[in-house]
Every structure is written in C-alpha cells, then in structure tokens.
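Architecture at a glance
So the chains spell out like this:
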Amino acid sequence: MSKGEGPVKKVLVVDDEDSLRSSIGKILSLQRFEVSLAADVEEALERIAAEAFDLVLTDLRMPGPGDGLTVIQAARSRNPEVVAILMSAYASLGPPTVDPGMRPDAIVPKPFSIPSLLKLIRTQLDMRRSEPTPLLPVHKAAAAPFVVVQR
Amino acid sequence: MSPAFASFVTIPVDPVDLPCFDPGLFHQPEVLGRFVTWEWNLETAEVRWGGNVKALYGFPDIELTRLTDVITRIHPDDQRAVVDAMLKAVVDIAEFDCEFRAIWPDGSIHWLLARGSPSGPEEGMPDRLIGFTSDITPHKAIDEEILRQRNVLEEVFRQAPAFMAVLGGPEHVFELVNDEYRRMIPGREFIGERVIDVVPEAEGQGFLELLEGVYRTGVPHVEYSRRFDLSWGQDDRIEVRYLDYVYQPRRDPDGCISGVIVLGVDRTERVCAEQKLIESEKLAAVGLLASSIAHEINNPLAAVSNYLYLAGTTDDLPEIHEYLAIASRELERVTELANQTLVFQKRSVTPVETSLKTLAEGVLTLYAGQLRNAGVSVDNRHRVHSPLICLEADVRQIIGNLIANAIAAMPNERGCLLIRSTAVSDHLSGTLCQRLTIADNGTGIAEALLSRIFDPFFTTKGSAGNGLGLWIIGEIVKRNGWKIQVRSRNSGSRRGTIVCLTLPSTP
C-alpha cells in the first residue's frame, strides 16, 4: 500500500469487461498492489487455487458457470481473512445469499468513483489488520459490516 | 237485388263455382264431413243443415235445429263475435265470414269457419242467411305453429347477442332493427328511415359505399374489427367502436336483390382490452430490458471513470492520450446504447426506410448483456442489402420478443442464436419481399403445442412468462399483412426453433 506498511497485498480483479478489468488492475498497481486478473469465474478459481489473495474485487454476473459469489466463496475458503468486494452493474443484486461464506464485505455499484473505492479497500484491509485472527472466520465474515458504497 | 247482394247468393253455397274446385271431391265422405251447408231462417230462427253436422259440432243435426242450439255449442269467448257478425251481415246485406271454436260433447275444441250471406226475395229485406261451415282445425294448428315459429324468430332476432338490421331498397331504409342494434347506436329512430338520415356519420367512413356495392353486386361484404366513429350528443362527440360485421344481400323469391341484411358483433371492449394488454406488455418488456440496459451502460461508464482517473495519475503524454482514447471509445458505447433505447420505444406511425440488418443490430445491442450472461453466441449475417420500408418499431418489437424467447429457451451453455436475412419473392403476387430468420438451438416447442403459441397467455415458461410475446408478434404480423412461420423440434440432436418473418420490401 501507499503507506508502505507490511508486505505487498495480493489482489484479484475479476470482470468480463476488458476495459474495466485492465483499468482497475492498473489503478491498483499504482497503489502498489500485486494484481492478478481474471476474465471469468473459471479463470478466477484457477488463480485462487494457485495462490491466496488478500483482496478480491469481482463482478457479479459473468458469462459461463458460476458468478461473483462463487469467486468470493472460493477466495474465502482459501484465505478466511480475504476482503471481498463485489462490483455490480445491475441495480439490484437479486435474492440475498444465505450462505455467509458467499457474503461480500462490501458491494460497489458500477460506475464507482476510484477515490471512494480506494478508501473502502483501505478501511477494510485496516480492519483485518487490527483484529486478531478469528477462530471462526466464516461467522466473523457474516457479522462484518456490510458496506454499500454510493456511486 | 243489388249486384253486390246477388253475387253473395251463389258463391259460398255452391262449391262448384269455387276456383279449382273438383266436383268429385264433394262426394268423398271425409271432405263432405268437414264441409256443411246451411240455411238460417231469419223469421223462425230455425237452421237447416245440408251435410254431416256431427262432424263439425259433435252433435247430430236434430239437436241443432235452432240457432240458439248452435250458439250454445260455440266457445263462450267466441259466441258474441259470431252473433254480431251474422247480424251485421243481415243489416248491411253483406257477406259474413268468421272463425270460431266449437266445444264437442267430449270437451274437445274444434276450429270452424263459417261464411254466408243474406238471401231473400228479389225485392225487400232478406229473410234468411245461407252459407257453409267447415272444420279448419288442421289449418288452425298450422297457423298457430307458423305464428309460434314467427314469434320465436322475432324473439331470436330481437334478443340476439349480435346487432341486426334489415334494410330495404336502393335507399337502404331500415325495415327492422334489433335491440342490440339500438344499443350500439342508441337514441335514434330507425324504422322507415334511410341509413344516411339516421346514421349520417357512416357516410364519411365508407360504410354507405360498401352498402351500395353489396346492393349493386350481390356480393356479401365481411369485415373484422372495423373502426366506426359514432357521433354522440349535441356536440358530436366521437365514440370509437370496433365492429365485426357482414353486409348480406337480401333476395326476393325471384332472385332480385331487395335490400341488405346487416349482422355483426360489437368488439369494442375486446379490442380496447387487447390494446391495453399490448401497452402493458410493452411496459413489462421495457422493465425487463431496463436491467440489461443498466448493465450495458454502467460497465462502460465505470471504465470511463477509471481511465479518466488513470489519466490524472500520470504526466506521460502518450499514456494520457491512450487512456483518453479508451475512455472516449467507452463513451461511444454508451451513446450508441442510449440511441438504441430511444428508437426501441419510439412508436411508428409512418413507414421509413431502414434495413433488416440495421434493425437486428440495434436490438442485439440492447440484448447484448443478457445474451452474454446467458452464454449465447450470436451469428448475425445479412444477405439483403436493398432497403426495407416498414414500420420499424413493429419489426424491432418482433425481433426483440423473438430474441428474448430464444434466450429463455437456451438456459444451458453453448446456446447459439442465428439471425439471417434473405431476399425472396412472393409466389402468388410476385412482390419483392425480405425474410428475417431467427433460429436458436434451445429446448424447442413440442409439436402438440405449436398450434397454440400465438394464443394470448399461452406460455411454456411457467411463471417466468406471461404468454404475450408471441401473441403480440402475431397481432403485429396480422395488422401489417406479413407472414410468420415457426418450425421447432424439442427432441433429438437437432433441437431448436426457427422463426421466419416475411415482409414486403415496400408496404
């Protein structure tokens, strides 16, 4: 991070829109994140299988099987500490998910302002660092503040 | 004896003089039994019979020798009329003719006809009535049956759930109208009046010309959902009605056209309900599209916002140019989408020049998000390059509904939507046409259901569908006189649905 505290955070950006994926990737690189990109759920699951991420930014609906919630579930089972942010271009997110493991830490409706997204990421990562490693990470994730960033 | 008087003396009593009378018949007992001559002496009030009285009254003639005996055998309700008729004949020295009922000893009722005329010496007052009585019960039964049938027909005509009017002559004068007709055009006097006087507004709307045509040619004229603007009240307020009707020529027994029969059904409520349904379905389709469009707009907007941000993070000019170029491209996507959304909702009133390719591409832009998320690949190729002049919103709506159906039919991966256009010519008229084919490799429609797919509210999508999409397509196709064909297979390796829309290159 720009503050230069701790090791470089790993982030996975998942979106089927090329221009969005690469622009978010570039912006996060400038913020000294180590960025991986995935164009669909399948590719994202491959990346998650290969390494654990500190932050996942994913689109909700993408072509192919699965959706953003599948990505979040996989990332969280790989790293319970992961900060999962869901990006959606749809006005509503459909039925609320019952599985806390799929629940994102925040939902960002597209289009979003970059400074507020960066601020959200920073806050979420700081919250992780200030808290001890949870014994029951899934429950903690479920109880985490559910943030919706305004456009 | 006056000439009139003399003529009465012979005609009724001498059957030989009756037209077409066969003297042989007179000797047959069954005819004789129903036809009895008589003479009533005015001075003695005695009656002399010339035949089988029992066959008429059920009593032998010896019990009916006086007029009062005869009167008592007549139904009480008819006695007065018979006596009055006879007395009037005597006073006026004129023929009498009356029908009455006789009550037999067994209580049964028999209808009789009596005709007679006064007779007497050459000079002076008549001294007797002579005539005949015959049993007309069978005729009466037939008359009553005819009357009953006539009443039934009148009731049917009056109460029919269809409007009916019988017009006579070249001036189209109302001879009969039923209740439904009066309900359709209320508050006017019809009978004996000309159509042009009672329904003057019909003239400017082509109805009178049609009546003329039917009267002149004898060819019936049928129309469905024909609009009729009824003028209403003193300020001539217009009330729109939609009618299914037929103008049927009326012919005399000799085959000449004597008038026109108007028969029809007022479809106003149904047509209005259908129009409302189409509007609500359009709104629902817009709602469905809205989420797809939001997705399509928000994604490029997010990208624009990101690249503008990136442009602000660097001093490197080529890099800034690159970011701005990408942002500009993304904005063009939004502009294109906004334009397509606007034209999609625009109502066509007049045909415009366009092409199937343009229309298909426009609709595909709107459905791009849904198609991509459903994993549907699109193969959109066009072989027609000549222009198409049509109501473009109608074609757009058809394409949109068909694409939405295709997406719903391809829930699994590897769905393929194929859109083609080809030039064809109508076999019969030789008109140049264009054909749009939209095919999918989805679940297909069972053969048994194919005949119902254009029915309103018929759906194979369960609660996800409202069954109006194809019905609206059908209505649009019908309204424009286009053609639509659907082929589908729901089993085997080559499953899917192919829809072909054929429309003339110029309307």
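For the structure, see preceding data.
Numbers given for residues are sequential positions, taken from 1 along each chain in its written order. Naming scheme: in the order in which they are written, chains are lettered from A and ligands are numbered from 1. For this predicted model, a pLDDT threshold of at least 70 governs which residues receive local features, and a threshold of 80 or more governs which side-chain atom pairs are given and counted, while totals over whole chains, interfaces and linings are taken from all residues.

1. Brief notes about the interface of chain B and chain A
- Here, residues touch in the contact sense if the C-beta positions derived from the backbone fall within 7 Å of one another. In this assembly, 19 residues from chain B lie in contact with 19 residues from chain A.
- Under the DSSP-based scheme used, a helix requires at least four consecutive residues in state H or I and a strand at least two consecutive residues in state E, with every element numbered from the N terminus. Residue assignment for the side of chain B that touches chain A shows that the elements contributing at least two residues are α10 (268–311), α11 (317–345) and α12 (356–373) of chain B.
- Broken down by element, the residue count for the side of chain B that touches chain A peaks at 13 residues, all from α10(B).
- Side-chain classes follow a simple rule in which Ala, Val, Leu, Ile, Met, Phe, Trp, Tyr, Cys and Pro form the nonpolar group, Asp, Glu, Lys and Arg form the charged group, and the remainder, Gly included, forms the polar group. Residues belonging to the side of chain B that touches chain A are distributed by class as follows: eight nonpolar, nine polar and two charged.

2. Notes on the environment of B:Glu361
All names here are of chain B.
- Inspection of the secondary structure puts Glu 361 in helix α12.
- Think of it as a crowd count around each C-beta: if 20 or more other C-beta atoms lie within 10 Å the residue is buried, if 12 or fewer it is exposed, and in between it is partly exposed, with C-beta placed from the backbone throughout. For Glu 361, a count of 15 C-beta atoms within 10 Å puts it in the partly exposed group.
- With 35 residues separating them in the primary sequence, Glu 361 and Arg 396 have C-alpha atoms 9.9 Å apart.

3. Let's talk about helix α6 (residues 137–159) of chain B
- For α6(B), built from 23 residues, the straight-helix expectation of 33 Å at 1.5 Å per residue is met to within 8% by its first-to-last C-alpha distance of 32 Å.
- Buried residues are scarce in α6(B), accounting for zero of its 23 residues. Expected span of a helix: the number of residues minus one, times 1.5 Å.

4. Examining helix α2 (residues 41–50) of chain A
All names here are of chain A.
- Along α2, the residues classified as buried are Val 41, Ala 44, Arg 47 and Ile 48. Along the axis of α2, the buried residues cluster in a sector spanning 120°; they form a single face. Across α2 from its buried face, at more than 90 degrees, point the exposed residues Glu 46, Ala 49 and Ala 50.
- Where the residues of α2 are buried, they touch β1 (10–14), β2 (34–38), β3 (55–59) and α3 (68–78). Comment: arc refers to directions from the helix axis out to C-beta atoms.

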